[in-house]
Amino acid sequence: MTTTDAYVDLDGRCIDTIRMLCIDAVEAASSGHPGTPVGIAPVTYTLWQKFLRFDPAEPIWPNRDRYVLSSGHASALLWSLLHLTRVRAVDPDYEVLGTPAVSLVDLERFRQLDSKAPGHPEYRWTSGVETTTGPLGQGVATSVGMAIASQWLGARYNHDGYTLFDFDVYAQAGDGCMMEGVASEAASLAAHQRLSNLCWIYDSNRVTIEGHTDITFTEDVAARFVAYGWNVTSVSDANDLEQVEKAFHDFEAEHERPTLVVVHSHIGYGTDVEDTPKAHGEPLGPEGVKAAKRFFGWPEDAQFLVPDGVYEHFADGIGARGRAAREAWGALLDDYRAAYPELADEIERMQRRELPRGWDADIPEFPADPKGIASRDSSGQVLNAVAKNVPWLLGGAADLAPSTKTRLTFDGAGDFEPDNRSGRNFHFGIREHASAAIANGLAVSKLRPFWSGFLIFSDYARGAIRLSALMEIPVIHVFTHDSIGVGEDGPTHQPVEQLVSLRAIPGLLVFRPADANEVAETWRYVMQLRRDPAVLILSRQALPTLDRSVVAPASEVARGAYVLIDAGDGEPDVILIATGSEVGLALSARDELAGEGVRARVVSMPCSELFDRQPQAYRDEVLPPAIKARVAIEQASTLGWHRYVGDGGAIVGMHTFGASAPLKMLVEKFGFTPEAVTQVARERVAAARGTA
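These figures come from a predicted structure and were not determined experimentally. (Residues numbered from 1 in each chain as written. Predicted model: local features only at pLDDT ≥ 70, side-chain atom pairs only at ≥ 80, totals over all residues. Heavy atoms only, no water.)

Enquirer: I'm lost on the overall build of the protein chain in this one. Help?
Expert: Broken down by element type, the protein chain carries 25 helices and 22 strands. Relative to the globule expectation of 26 Å for 692 residues, the C-alpha radius of gyration of the protein chain, 28 Å, shows essentially globular dimensions. Principal-axis analysis of the C-alpha atoms gives the protein chain an extent of 100 × 60 × 45 Å. In the protein chain, once contacts between residues fewer than 6 apart in sequence are set aside, the share between residues at least 24 apart is 76%. A total of about 25600 Å² of accessible surface is found on the protein chain, and carbon and sulfur atoms cover 50% of it. Within the protein chain, the 94 negative side-chain charges are centred at a point lying 4 Å from the centre of the 63 positive side-chain charges. (Helix = DSSP H or I, 4+ residues; strand = E, 2+ residues; numbered from the N terminus. Rg over C-alpha atoms; globule rule 2.2 N^0.38 Å. Contact = heavy atoms within 4.5 Å. Areas by Shrake-Rupley, 256 points an atom, 1.4 Å probe, with all protein chains shown as cover. Lys, Arg positive; Asp, Glu negative; His and termini not counted. Charge placed at Lys NZ, Arg CZ, Asp CG, Glu CD.)

Enquirer: How do you make sense of the nonpolar core when you look at a structure like this?
Expert: Within soluble globular proteins, side chains that are nonpolar generally end up buried alongside one another. In terms of nonpolar packing, the biggest core is built from 112 residues, with Tyr157, Trp200 and Leu502 touching the most fellow members. At ten residues, the largest contribution of residues to this core is made by helix α5 (residues 138–157). Excluding anything up to four places from it in sequence, Leu502 contacts Leu455, Ser458, Arg462, Ile465, Phe479, Leu508, Val510, Val535 and Ile537. Core analysis: the next-biggest nonpolar cluster, separate from the first, contains 52 residues, Ile15, Val235, Val244 and Phe304 among them. (Core = buried A, V, L, I, M, F, W, Y, C linked by side-chain atoms within 4.5 Å. Buried < 20%, exposed > 50% of the residue type's maximum accessible area, 1.4 Å probe, protein only.)

Enquirer: Whenever I open this one, the sheet that holds strand β21 (residues 630–637) confuses me. Can you help?
Expert: In a beta sheet, neighbouring strands pair by backbone hydrogen bonds and run either parallel or antiparallel. Strand order in the open sheet made by the five strands is β18-β20-β19-β21-β22, with mixed pairing throughout. The two strands at the open ends of the sheet, each matched to only one other strand, are β18 (562–565) and β22 (650–654). With strand direction ignored, the average angle separating the axes of adjacent strands in the sheet is 30 degrees. Both strand β19 (residues 574–578) and β21 contribute to a ladder of four bridges, which runs parallel. Bridging across to β21, Leu576 finds its partner in Val631. This element, helix α25 (residues 674–689), spans β19, β21 and β22 of the sheet and lies at about 140 degrees to β21. (Pairing = 2+ DSSP bridges. Axes fitted to C-alpha atoms, helices over the stretch in contact; angles between N-to-C directions.)

Enquirer: Just checking my understanding: could you explain empty space enclosed by the protein for this structure?
Expert: Vacant regions in the atomic arrangement are exposed by a probe of water-molecule size rolled over the atoms. For the coordinates displayed, the defined rule picks out one cavity of 30 Å³ or more. Empty space within the largest cavity amounts to approximately 30 Å³. Lining the largest cavity, in full, are Tyr67, Val68, Leu69, Leu78, Pro121, Val129, Glu130, Thr131 and Thr133. Considering every element that reaches the lining of the largest cavity, the biggest residue donor is strand β1 (residues 66–69), with three residues. Considering only residue class, the lining of the largest cavity consists of six nonpolar, two polar and one charged. (1 Å grid on protein atoms, 1.4 Å probe; cavity = no way out; pocket = protein on both sides within 12 Å on 5 of 7 lines; lining within 4 Å. Points joined across faces, edges and corners; volume = space filled by probe spheres on them. Nonpolar A, V, L, I, M, F, W, Y, C, P; charged D, E, K, R; others polar.)

Enquirer: Please explain the pairing of strand β11 (residues 393–397) as it appears in this structure.
Expert: Two faces belong to every sheet, and in a regular strand the side chains alternate between them. Among the five residues of β11, five are classified as buried, and the element is accordingly described as predominantly covered. Neither face of β11 is exposed, since Leu393, Gly395 and Ala397 on one face and Leu394 and Gly396 on the opposite face are all buried. Across five bridges, the pairing between β11 and strand β13 (residues 448–454) is parallel. Bridge assignment links Leu394 to a residue of β13, and that residue is Pro449.

Enquirer: It is not clear to me how helix α16 (residues 432–444) should be interpreted in this structure. Could you clarify?
Expert: A turn of α-helix holds 3.6 residues, and therefore any two residues three or four places apart point the same way. Over its 13 residues, α16 runs 19 Å from end to end, which matches the ideal 18 Å to within 8%, given 1.5 Å per residue. Phi turns positive, to about 80 degrees, at Lys446, one or two residues after α16. (Expected span 1.5 Å × (residues − 1).)

Enquirer: What am I meant to see in helix α11 (residues 286–295) here?
Expert: Every buried residue belonging to α11 is among Gly288, Val289, Ala292 and Lys293, and all of these are buried. Each buried residue of α11 sits inside an arc of 135 degrees when the element is viewed along its axis, so together they form one side. When the buried face of α11 is taken as reference, the exposed residues oriented beyond 90 degrees from it are Pro286 and Glu287. (Arc of directions from axis to C-beta.)

Enquirer: What is the right way to look at the packing of aromatic side chains in this model?
Expert: The geometry of an aromatic ring pair is captured by the separation of the ring centres together with the interplanar angle, meaning the angle of the planes. A complete count under the given rule lists 29 aromatic pairs for this structure. Judged by centre distance (5.3 Å) and plane angle (85 degrees), the rings of Phe225 and Tyr228 are edge-to-face. One end of the pair, Phe225, and the other, Tyr228, are both in helix α8 (residues 221–228), three residues apart, so they sit about a helical turn from each other. Their ring planes at 55 degrees and their centres at 6.2 Å tell us that Phe611 and Tyr644 sit as a pair that is tilted. Placement of the pair is Phe611 in helix α21 (residues 608–613) and Tyr644 in helix α23 (residues 642–645), with a sequence separation of 33 residues. Each member of the pair Phe611 and Tyr644 is classed as buried. Through successive ring pairs, a cluster of aromatic residues spans Trp61, Trp152, Tyr157, Phe165 and Trp329. The cationic tip of Lys116 hangs over the ring face of Trp125; the distance from NZ or CZ to the ring centre is 3.9 Å. (Phe/Tyr/Trp six-rings, centres within 6.5 Å; stacked < 30°, edge-to-face > 60°. Lys NZ or Arg CZ within 6 Å of the ring centre and 35° of its normal.)

Enquirer: Explain the layout of surface pockets to me, please; I cannot follow it from the model alone.
Expert: By volume, the second largest pocket amounts to about 430 Å³. Those elements that place two or more of their residues in the lining of the second largest pocket are β2 (88–90) and β3 (96–100). A per-class count over the lining of the second largest pocket returns 16 nonpolar, five polar and seven charged.

Enquirer: Would you take a moment to explain unusual backbone geometry for this structure?
Expert: Note: most residues except glycine have negative phi, and most peptide bonds are trans. In the Ramachandran plot, Arg206 falls in the positive-phi region, its phi being about 65 degrees despite a non-glycine side chain. Tracing the backbone shows Arg206 in the loop between β5 (198–204) and β6 (207–208). Judged by relative accessible area, Arg206 falls into the partly exposed class, the value being 32%. Of note, the phi angle at Lys446 is positive, near 80 degrees, even though the residue is not glycine. You can see Lys446 is positioned in the loop between α16 and β13.

Enquirer: What is the right way to look at the state of the cysteines in this model?
Expert: By definition, a disulfide links two cysteine residues through a covalent bond between their sulfur atoms. Counted according to the given criterion, the structure contains zero disulfides. Looking at Cys14, it has no disulfide partner, and the nearest cysteine sulfur is the one in Cys22, 13 Å off. A residue is classified by how much of its surface remains accessible, and Cys14, at 0% relative accessible area, is buried. Cysteine Cys199 remains unbridged, with the sulfur of Cys177 as its closest cysteine sulfur at 14 Å. Accessibility expressed as a relative area gives 0% for Cys199, which makes it buried. (Disulfide = S-S within 2.5 Å.)

Enquirer: Before we go on, may I ask you to explain the side chain of Thr259 in this structure?
Expert: One can find Thr259 in strand β9 (residues 259–264). With relative accessibility at 0%, the residue Thr259 sits in the buried group. Apart from the residues lying within four places of it in its own chain, the contact partners of Thr259 are Leu198, Cys199, Trp200, Trp230, Asn231, Thr233, Phe251 and Glu254.

Encoded structure:
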């Protein structure tokens, strides 16, 4: 046997080990997707072993290449690779622990409670997972943000002789990802941005859950991507390692466009359900497992077998190559730190999700003004004040920056485009879903992204917003045009149910500030978050800027809700709770009630999630349990407010969609006037006193 033959045989042994570990893991779980890992294993193996610049011993070094398994249902493939390459675990503080990211025991407990090998890849749960995937299309869309991050980081920090950032991004997808709209949105933008460091690997096995793809999906995907402006290459047989290597070399040689590698594979290759939907989402069964192992020349009764030489081969391949690349980068950073200490400090702070010294020094304080300013406008001012001092705060809008006021306007901000990779303003186009997914990709690359749109269109981005919360990454989602205050645009543009639906997402902080100073304090709080995404809900119409010498300071925003102004002497008869534009309405109602001898406390609740995190004593101080007369006021669905007003309270909110009319007419029609709120408050006070 020649040396070359031995090398090829060892490659084949490693590929088959991946396949068998995947089959065994799915069988042990009695759940999972064996077919895709078995079919595409040669391609993923080749990428990791011969091309991916990744050090298993230091899986978070900043200039590593990124690998995203967008077809997250094939997670057993990733868990097998993380195990065989001996990727080390990293704790939440980004300290490498030295224990395996995925042990053989984890594989044996695939899809079980507390296993590091869950049903789909989960960011921050298992080291080596670059982003959470599973909802199809999310992974490839997020990878666009990662590729943008590499380009932006390189433009800011690379200098002659110091190439600190030039990582490539690989995303592995299937037919389902290619069908999802978010993938199309992201692919279109990636082509426009000419992200030549981005490679999507399309596993075209032509099978989905319902059957063969010819029942729904007959387009020419390669031609579509050529039309976008991608470089497209193909592999006719996933098992042909020479073809696979050539495709990745083609990507490396491409310097103008993103690359799509179309791989023709056989789902469930070598099993008795090859090329059938049964290979997609169910275990092979005991006899099917034995048949597959016979096909691959594997011991039929062996389970979770890793043959001699496999670990060592991976160590000699990706392990040695990755370690050399990472050590060279570390030495380069040491020299860079001496040459460019301020930029090196930025890099290190960014990696730790820390902020520069004095980052909030220029946040404005807004003087009292009864005419006020729209919260979208005050937000734009605060955003620019902060972004000047936080160089890695960047973002844009889904074609709405003039309306959402999210454009960075200071000198040097610029637009991120193929001829200016250092620009900090992004034009995402009318692609809400991709905007949010790309922001996720920027965030997992340690940049601090924001993106914006109208609140009504948050529905289009919900999948990616939910993932930012699931991953615990500090993306800032900015939504304006927050209520029926949109007026003549009518119910198609007037959000009603969006606020409560965003509040329903665990871990997502939803802020609806009442005036310009609450906006400023919201930004101050949000910028310091390291693991919480936040949503800013902002108005189109002007909101009065409150006189903080009369009412409580806006810094109380950090508690989520606070007593804006109390009832005067004695306990309040009624508590008025409001958010955003309705806080001003609550203050007007308080004045009317005071004229009738009714003492009303006004509570501003810009972020109910933060309020719920406060100690019970503080919550009881703001909303004393003994005071049953309470009225919540918000131009949105009433769902969720009952936990604050209780059985004795009432909610002035929206029970239908809005209407197309000037705002003055809408507030009268839907009961958002001082007179209407005052009447509801009177009724609640009377009921509490037993005189109703």
